[in-house]
Every structure is written in C-alpha cells, then in structure tokens.
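# Descriptive structure summary
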Amino acid sequence: MPNFEEKAQIIQLPKFLDERGNLSVLESGKHVPFEIRRTYWIYDVPGGCLRGSHAFRTEKEFIVALSGSFDVVVHDGTEEKRHSLSRSYYGLYLPPMHWRTLDNFSTNSLALVVSSADFSEEDYIRDFDEFIREVRK
Ligand code: TYD
C-alpha cells in the first residue's frame, strides 16, 4: 500500500476518456491508502454553508468532488491549507488528526467521502482548542 499516512494530499485518480463519457475509479490500497469501510456523500448544500469543522482521532478519509466544486480547509495543528476540489479524478487524502472544514460549495455540488472506519461519534474532535491540545501532545 502507498505510504501516504502522515500528510494531507491531493491524489490523482485514473481517468478513462471515452467519447461515450469518461470513467474514473478508486480502489483501496492502490489510490486510497486505507481499506474502505464506509462511504457517505454531502449534497444540496445551500450557498454559503459549511460542513465538517472537526477532526478524527483515528479515522482516515478520502474526499472527491463528484460534481461541482468546493474547498476543503485543512489544519494539521501547525498550519492551515485550502484545497480546491473541482474534478472527479482528483481526491484529497486526509490522515487522522487533521481539522477539516468544507466550504465554498457550488450549486449542485456532490462531495463523496470514503472512510476507513464505521461511524463513531467518539472518534470526532469537535472543539478546535481540544484538537490543538491533542495534536500537540
Ligand atoms: P457530521 O460528520 O457531524 O457532519 P458535519 O460535520 O458536516 O456536520 O455528520 C452529521 C450527522 O450525520 C451526525 O451527527 C450523524 C450523522 N452521520 C451518520 O449517522 N453516519 C455517518 O457516517 C455520518 C458521516 C454522519
């Protein structure tokens, strides 16, 4: 499996261009550096709204803009970086202990999130100061 573990980063996915329409794919261990356990998606986001604003203690995620565009603002405990997603053949890999906020959603955008874990509220850190305390430990 590729060793992406520590750093949030954009990963390019394969794209099969075809005059009948294009196709892209993501596979555990090849493009996404974890075993996929769960998939969810965020859609119908009203203009100006934010999603996320939390970190996970152990969960890893991979986020793709399947349609439209949005930004993912990622804080690693030291610095913040804004990643703009607008193509369905790019994904953002997020390791554990990265604070992330999704914003700047375009009309009809669709955010696909694949996750390494079952949903667990205990894995969330929803307070930024608590995140900073835990990440700097
Ligand atoms: P949450 O991850 O808190 O989204 P956001 O940070 O964007 O507000 O999810 C919102 C709610 O959806 C959460 O309180 C419970 C529910 N939920 C599930 O039941 N299963 C899931 O896999 C996810 C991602 C959310």
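Computed from a prediction, not measured in an experiment: that's the story for all the values here.

### Remarks on the sheet that holds strand β6 (residues 61–67)
Taken together, the five strands give an open sheet; going across it, the order is β1-β9-β6-β11-β4, and neighbouring strands pair in antiparallel fashion. Each end of this open sheet is capped by a strand with a single partner; those strands are β1 (9–12) and β4 (38–43). Taking each pair of neighbouring strands and ignoring which way they run, the sheet shows an average axis angle of 25 degrees. Pairing geometry for β6 and strand β11 (residues 110–115), over six bridges, is antiparallel. Across the sheet, residue Val-64 finds its bridge partner in β11, namely Leu-112.

### With respect to the site of the ligand
In the region of the ligand, the neighbouring residues are Arg-38, Tyr-40, Arg-51, Gly-52, His-54, Phe-119, Tyr-124 and Arg-126. In this structure, an oxygen atom belonging to the ligand sits 2.5 Å away from a side-chain N or O atom of Tyr-124. Within the contact set of the ligand, an oxygen atom lies 2.8 Å away from a side-chain nitrogen or oxygen of Arg-126. For the ligand, whose unbound accessible area comes to 520 Å², protein coverage reaches 59%. Elements with a minimum of two residues in the shell around the ligand: β4 and β5 (51–56). The dominant element in the shell around the ligand, judged by the number of residues it contributes, is β5, at three residues. The residue inventory of the shell around the ligand, partitioned by class, reads three nonpolar, two polar and three charged.

### Describing the side chain of His-31
Locating His-31 in the fold gives a position in the loop between β3 (23–24) and β4. Of note is the side chain of His-31, whose polar atom sits 3.0 Å from the backbone nitrogen of Glu-27. For His-31, the contacting residues outside a window of four places in its chain are Ile-11, Leu-13, Pro-14, Val-25, Leu-26 and Phe-62.

### Comments concerning the packing of aromatic side chains
A complete count under the given rule lists eight aromatic pairs for this structure. Ring centres of Trp-99 and Phe-131 lie 5.7 Å apart, and the angle between their planes is 40 degrees; this geometry places the pair in the tilted category. Here Phe-131 lies in helix α1 (residues 128–135) and Trp-99 lies in strand β10 (residues 99–103), a separation of 32 residues in the sequence. The exposure class of Trp-99 is buried, given its relative accessible area of 10%. The ring of Tyr-89 carries Lys-15 above its face, with NZ or CZ at 3.9 Å from the centroid.

Calculation rules
- Residues numbered from 1 in each chain as written.
- Predicted model: local features only at pLDDT ≥ 70, side-chain atom pairs only at ≥ 80, totals over all residues.
- Heavy atoms only, no water.
- Pairing = 2+ DSSP bridges.
- Helix = DSSP H or I, 4+ residues; strand = E, 2+ residues; numbered from the N terminus.
- Axes fitted to C-alpha atoms, helices over the stretch in contact; angles between N-to-C directions.
- Near = heavy atom within 4 Å.
- Polar contact = N/O pair within 3.5 Å; in protein donor to acceptor, adjacent residues only side chain to side chain.
- Areas by Shrake-Rupley, 256 points an atom, 1.4 Å probe, with all protein chains shown as cover.
- Nonpolar A, V, L, I, M, F, W, Y, C, P; charged D, E, K, R; others polar.
- Contact = heavy atoms within 4.5 Å.
- Phe/Tyr/Trp six-rings, centres within 6.5 Å; stacked < 30°, edge-to-face > 60°.
- Buried < 20%, exposed > 50% of the residue type's maximum accessible area, 1.4 Å probe, protein only.
- Lys NZ or Arg CZ within 6 Å of the ring centre and 35° of its normal.

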